[in-house]
Amino acid sequence: MSAPAELTRAELLERLQRVDLPTLGHHLEQGFVSPAIRRLGQPRRMAGTAATLALDAPDATAVNRALVALRPGEVLVVDMGGDHRHAAIGAVTAAAARARGAAGILVDGVVTDVDALMDMSSGMPVHARATSCLTTKRLDGRGGRHQVPVDIGGVRVAPGDIVLGDANGVIALPPTSLAAVVHQAEVSDAAEPGLIRRIRAGEDLRTLLHLG
Ligand SMILES: O=C([O-])CC(=O)C(=O)O
Ligand SMILES: [Mg+2]
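Residues numbered from 1 in each chain as written. Chains lettered and ligands numbered in written order. Predicted model: local features only at pLDDT ≥ 70, side-chain atom pairs only at ≥ 80, totals over all residues. Heavy atoms only, no water.

Q: Help me understand the site of ligand 1, please; the structure alone is not making it clear to me.
A: In the neighbourhood of ligand 1, the contacting residues comprise Ala87, Ala88, Ile89, Gly90, Ala91, Val92, Thr93, Thr112, Asp113, Thr135 and Thr136. At 3.1 Å, a backbone N or O of Ala91 approaches an oxygen atom of ligand 1. One of the backbone nitrogen or oxygen atoms of Val92 is found 2.8 Å away from an oxygen atom of ligand 1. Relative to its free-state accessible area of 260 Å², ligand 1 is covered by the protein chains to the extent of 82%. Applying the majority rule of atoms within 2 Å of the grid points places ligand 1 in the largest pocket. Looking at the shell around ligand 1 residue by residue, the class counts come to 5 nonpolar, 5 polar and 1 charged. (Near = heavy atom within 4 Å. Polar contact = N/O pair within 3.5 Å; in protein donor to acceptor, adjacent residues only side chain to side chain. Areas by Shrake-Rupley, 256 points an atom, 1.4 Å probe, with all protein chains shown as cover. 1 Å grid on protein atoms, 1.4 Å probe; cavity = no way out; pocket = protein on both sides within 12 Å on 5 of 7 lines; lining within 4 Å. Sits in = over half its atoms within 2 Å of the grid points. Nonpolar A, V, L, I, M, F, W, Y, C, P; charged D, E, K, R; others polar.)

Q: It is not clear to me how the layout of surface pockets should be interpreted in this structure. Could you clarify?
A: Empty space among the atoms can be located by rolling a probe the size of a water molecule over them. Taken as a whole, the largest pocket holds about 220 Å³ of empty space. Taken together, 16 residues make up the lining of the largest pocket; nearest its centre are Ala60, Ala88, Val92, Thr93 and Thr136. Elements with a minimum of two residues in the lining of the largest pocket: α3 (60-68) and α4 (91-99). Classifying every residue of the lining of the largest pocket by side-chain character gives 9 nonpolar, 6 polar and 1 charged. For the second largest pocket, the calculated volume is near 160 Å³. Lining the second largest pocket are 13 residues, with Phe32, Val33, Asn168, Gly169 and Val170 sitting closest to its centre. At the level of elements, α2 (21-27) and β12 (169-173) are the ones that each hand at least two residues to the lining of the second largest pocket. Of the residues in the lining of the second largest pocket, the class split is 8 nonpolar, 3 polar and 2 charged. (Points joined across faces, edges and corners; volume = space filled by probe spheres on them. Helix = DSSP H or I, 4+ residues; strand = E, 2+ residues; numbered from the N terminus.)

Written out as structure tokens, the structure reads:
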């Protein structure tokens, strides 16, 4: 097993793809995005590198610029600046993110076209607060700041942070914080099925649950 310092980002992401996200919750206290932000898109794991957008206005042009700048493996992270009424992400923007090879989309706000977002053949892993029919509009493109630190569900997310999401929630942290615990998480994941088997088999709970 590689020591954290030897891990490349690609190796770390590959290992994090296989670790249960709640297992990371056994080993970390930081980076957990508010549970108000739920998985609303494709039911598969999101794991990638944050490309951030802080929207100061409901400006679809600024979103489109961020979309065309996306690189493969990135998660588009959109801070709506407290606007929980206008959806900046929907079927068209998710298709554009997919065309850029994005790993997912994380929005502190609402999204639209939710059926299309969930579609396994065309959608994306998308995490957001809720859905709305009201969308952003093509304004002058000056309504957004690209690749700046943003606040997402109480977590500060910087460009280049790793963003992970599944049905349980979203975690966003610098690679070093995740590299420090990935091995422990793998060990926990490997041990858990055996523990559950022993609980089901009726072994003494006080022993299995470390109560002496
Ligand atoms: O236009 C928007 O703001 C969102 C949308 O409907 C789409 O991406 O399809
Ligand atoms: Mg749409």
